[in-house]
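Examination of the molecular architecture
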Amino acid sequence: MQRARVPSTGRQQRMSSTYPSAPIGVRLISYLSAKLCPRLQVNRVLWFKCSVLGLTYLAYTCYHMTRKPISVVKSVLHRNCSTVTLPPEFVTPGGGGGSDPTVPPALPTDGTWCDYAPFDQPDFNSLFGALDSAFLFSYAIAMFFAGFIAERVSLRYFLALGMAFSGLFCYLFGMAKVYDIHALWYFVAVQALAGMFQTTGWPGVVTIVGRWFGKSKRGLIFGIWNSHTSIGNVLGTLIAAHYVERDWSMSFVVPGFVMGLCGFLMFLFVVERPEIVDCQEKVADYAQQQRGSSAGSSVRRMDDSVSDVEDSGVSAEQEINERTPILGSINRAPPQHDAIGFFGALRIPGVIEFSLSLFFSKLVSYTFLFWLPFYIQHSTSMGAKLSADVSTVFDIGGIIGAIAAGMLSDASAMPATTCTGMLAIAAPLLLIYRCWGSVSLSVNILLLFVVGLMVNGPYALITTSVSAELGQHSSLNGNSKALATVTAIIDGTGSIGAAIGPLLAGMVSGWNNVFYMLVISDVLALAMLLRISSKECSRRNINRRYNVRIE
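Residues numbered from 1 in each chain as written. Predicted model: local features only at pLDDT ≥ 70, side-chain atom pairs only at ≥ 80, totals over all residues. Heavy atoms only, no water.

**Concerning the pattern of salt bridges**
Filter applied, for reference: When a carboxyl oxygen of Asp or Glu is within 4 Å of a side-chain nitrogen of Lys or Arg, the pair counts as a salt bridge. Elements are defined by DSSP. Helices are runs of H or I of four residues or more, strands are runs of E of two residues or more, and each kind is numbered from the N terminus. Working definition: with a 1.4 Å probe on protein chains only, accessible area under 20% of the residue-type maximum means buried, over 50% means exposed, and in between means partly exposed.
On inspection of all chains with the given rule, the structure shows 5 salt bridges. Where Asp247 meets Lys177, a salt bridge forms, and the shortest distance between an N and an O atom there is 3.6 Å. Of the two residues, Asp247 is situated in the loop between helix H10 (227-244) and helix H11 (250-269) and Lys177 in helix H6 (residues 155-178); the sequence distance between them amounts to 70 residues. The class of Asp247 is partly exposed, set by a relative accessible area of 26%. A salt bridge links Arg531 to Glu353, with the shortest nitrogen-to-oxygen separation between them at 2.1 Å. With Arg531 in helix H22 (residues 530-545) and Glu353 in helix H16 (residues 351-379), this residue pair connects regions lying 178 residues apart in the sequence. By relative accessible area, Arg531 is classed as partly exposed at 44%. Judged by its relative accessible area of 16%, Glu353 falls in the buried class.

As structure tokens, then:
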């Protein structure tokens, strides 16, 4: 890869017009580098790739950071008031002096005096479930439209505005305590609007990263990059836990402010496609090398298929298609440039199966996301802050799980099989955690880490590497305007499951039944991928038989 030298100071006027459609921050950096460091040599493609990875990582970290506070604050919106330290402005009942204003008020005698209305009712679990459902159903429905919009507008504006409004509604939830708002409709409306604007995140960041990076080591790159989900959950939990017992409104205000600030950074610096900064040729050259290598491998596999026709009775073309469930067959039709439609995306092989699998696997993951701190507090003797801190272990395990799933997928070229294997291990682990997680703090942490690893690994792989690969399927004839639509369909279907899971958790009676629901969902996620996994295993057996290497 060649290195481009920044123009000298004698060309500063010309430099000011370089990349006229680039973000203002990029143009400013280009101008300053030409003025202050005229002899500086940089690898432009590498520099922009690193900036894209860093900025999109930061962006989606913020998206998840603003989703997490509600799961922490639930533990103080409704709690066991007998364990709460009496505030200094209260005295014990009977200690007052009648109507004398100098005498502190008497402590209420009811058991919900420390709760925040309207969540002081006996059906508080259903009310919490309504909040979660308002966010998640709004998110799931809007996601299908978000992918359609993202393919047709500037992703820089799309992300910047989405982050600004997401931060605003996170802030407004916390303002309910400041202005003493107790109307349930207010909380539901804020959550629903927040969910709608949160849909700008995933199609936007995946599409930008997919435009800049080829297929080489995609599972590993996306696995590491996808840790933003867990990092965002951890940061959101820690920030919320820091304020939850003092002033829970700040648990929302601080993440909301950070979200808006990072949205402004995206507006200033993110480069949504290589063409904007004249890097398309170098990125395309690298992608062409990858396609050439893959095409050569496909030809070798086709030759092997032809020689095996008499034994198997299957045509070479059919065998190649069956052995490459994601990449598909070689398509020599001329490239298309129109944005793909919804039903056109559904016809891509593998989209429906992976979407349905994500439906159930995301149901499990988001039930933990919204209910885990609350569950830990009520199943152990831990307080609200410690329960929130311990719950972050699930997300730390998810980081390792995402990386492990990406590496296994790259090494085996069998993403569906990788997912089914991890899901098969996750099912019994869920029951083990329910039975033994409350034995001690160390056992809880250990089991929670392993559960997070196995539950979030498949979820992360499907939403990143698999979605990006299906969005660049060979049946699209080189159409680059399908990534956001395919990503939105897969993640939108998964988000419906994510909406149903926390709702059912709030309605189901007893934690044992909640965990049975999670195990059943995990098994169904596995079942959705069995057909593709079977084809991947058949392909691998044939490759071993003929000593074919998959590039």
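**Quick notes on unusual backbone geometry**
The step from Ala117 to Pro118 runs through a cis peptide bond, and the omega angle for that step is 10°. With respect to the helices and strands, the residue Pro118 is situated in the loop between helix H4 (69-77) and helix H5 (124-150). For Asp180, which is not glycine, the phi dihedral falls at a positive 55°. Along the polypeptide, Asp180 turns up in the loop between H6 and helix H7 (184-198). The phi torsion at Ala413 lies on the positive side, around 55°, for a residue other than glycine. Checked against the element boundaries, Ala413 lands in the loop between helix H17 (384-412) and helix H18 (415-436). A relative accessible area of 26% places Ala413 in the partly exposed class.

**Observations concerning the confidence of the model for the protein**
As a reminder of what qualifies: The score called pLDDT rates the predictor's confidence residue by residue, from a low of 0 to a high of 100. A contact between two residues is defined here by any heavy atoms of the two lying within 4.5 Å.
In this model, the protein carries an average pLDDT of 77, and 74% of its residues clear a pLDDT of 70 or more. Taken together, the stretch residues 1-17 has pLDDT below 50 and engages in 31 contacts with residues farther than four places along the chain or on a different chain. Every residue in residues 290-336 scores below 50 in pLDDT, and together they form 72 contacts with partners more than four places removed in sequence or on other chains.

**Here's the deal with H10**
To be explicit about the condition: To estimate how far a helix should extend, the number of its residues minus one is multiplied by 1.5 Å.
Counted at 1.5 Å a residue, the expected span for H10 with its 18 residues is 26 Å, and the 25 Å between its end C-alpha atoms agrees. The set of residues buried in H10 consists of Ser227, His228, Thr229, Ser230, Gly232, Asn233, Val234, Gly236, Thr237, Ala240, Ala241 and Val244.

**Examining the packing of H4 against H11**
Threshold: Note on definitions: angles span 0 to 180 degrees between N-to-C directions of axes, and those axes are lines fitted to C-alpha atoms, for helices only across the stretch in contact. Angle categories: roughly parallel below 35 degrees, roughly antiparallel above 145, roughly perpendicular from 65 to 115, and oblique for all the rest. Crossings are sorted by hand: turned counterclockwise from the far helix by less than a right angle, the near helix makes the crossing left-handed, and turned clockwise it makes it right-handed. Residues are grouped as follows: nonpolar covers Ala, Val, Leu, Ile, Met, Phe, Trp, Tyr, Cys and Pro; charged covers Asp, Glu, Lys and Arg; every other residue, Gly included, is treated as polar.
With their axes 10 Å apart at the nearest point, H4 and H11 run at an angle of 165° to one another. Judged by the angle between their axes, H4 and H11 are roughly antiparallel. Between H4 and H11 lies a crossing whose hand is right-handed. Between H4 and H11, the contacting residues are Pro69, Ile70 and Val73 on the first element and Ser251, Phe252 and Pro255 on the second. Class assignment for the residues of the contact of H4 with H11 results in 5 nonpolar, 1 polar and no charged.

**A few points about the nonpolar core**
Worth spelling out the cut-off: Side-chain atoms within 4.5 Å are what join buried Ala, Val, Leu, Ile, Met, Phe, Trp, Tyr and Cys residues into a set we call a nonpolar core.
Counting 83 residues, the largest nonpolar core has Phe368 and Tyr433 as its most contacted members. Here the element with the most residues in this core is H16; it accounts for 14 residues. With residues near it in sequence (within four places) discarded, Phe368 still touches Lys68, Pro373, Phe394, Leu430, Val451, Phe515 and Leu518. Core analysis: the next-biggest nonpolar cluster, separate from the first, contains 39 residues, Ala22, Val26, Tyr60 and Ala146 among them.

**Some remarks on the packing of aromatic side chains**
Selection criterion: Working definition: a ring pair exists when centres of Phe, Tyr or Trp rings (six-membered ring for Trp) sit within 6.5 Å. Plane angles under 30 degrees give stacked, over 60 give edge-to-face, the rest tilted. Either the NZ atom of lysine or the CZ atom of arginine qualifies as a charge over a ring when it sits within 6 Å of the ring centre and within 35 degrees of the ring normal.
In this structure the tally under the stated criterion is 31 aromatic pairs. Ring centres 5.8 Å apart and planes at 20° place the aromatic pair Phe169 and Phe197 in the stacked group. Residue Phe169 is located in helix H6, and its partner Phe197 is located in helix H7; the two are separated by 28 residues in the primary sequence. Consider the rings of Trp248 and Phe252, whose centres lie 6.2 Å apart with planes at 85°: the pair is edge-to-face. Judged by its relative accessible area of 6%, Trp248 is buried. Over the aromatic face of Trp371 sits the side chain of Lys74, whose NZ or CZ is 4.1 Å from the ring centroid.

**Comments concerning the side chain of Ser365**
Position of Ser365 among the secondary structure elements: in helix H16. Setting aside anything within four residues of it in sequence, one finds Ser365 in contact with Phe394, Val455, Asn456 and Tyr459.

**With respect to the environment of Ser381**
Mapped onto the fold, Ser381 is located in the loop between H16 and H17. Taking relative accessible area as the criterion, Ser381 reaches 78% and is therefore assigned exposed. Residues Ser381 and Ser438, spaced 57 residues apart in sequence, show a C-alpha to C-alpha distance of 8.9 Å.

**Quick look at the state of the cysteines**
Filter applied, for reference: The disulfide criterion used throughout: a pair of cysteine sulfur atoms within 2.5 Å.
Under the criterion given, the structure shown has 0 disulfides. Its sulfur unpaired, Cys262 is 3.4 Å from the next cysteine sulfur, which belongs to Cys62.

**What about a nonpolar patch on the surface?**
Inclusion rule: In this analysis, a patch consists of residues with relative accessible area above 30% that form no salt bridge, clustered at 9 Å for like charges and at 5 Å for the nonpolar side chains Val, Leu, Ile, Met, Phe, Trp and Tyr. In these tables, accessible area is a Shrake-Rupley quantity obtained with a 1.4 Å probe, and a residue counts as shielded only by the protein chains included in the view.
A surface patch of nonpolar side chains, amounting to about 490 Å² of accessible area, comprises Ile141, Phe145, Phe148, Ile149 and Val153. Examined against the element boundaries, Phe148 turns out to sit in helix H5. Assessed through its relative accessible area of 46%, Phe148 is described here as partly exposed.

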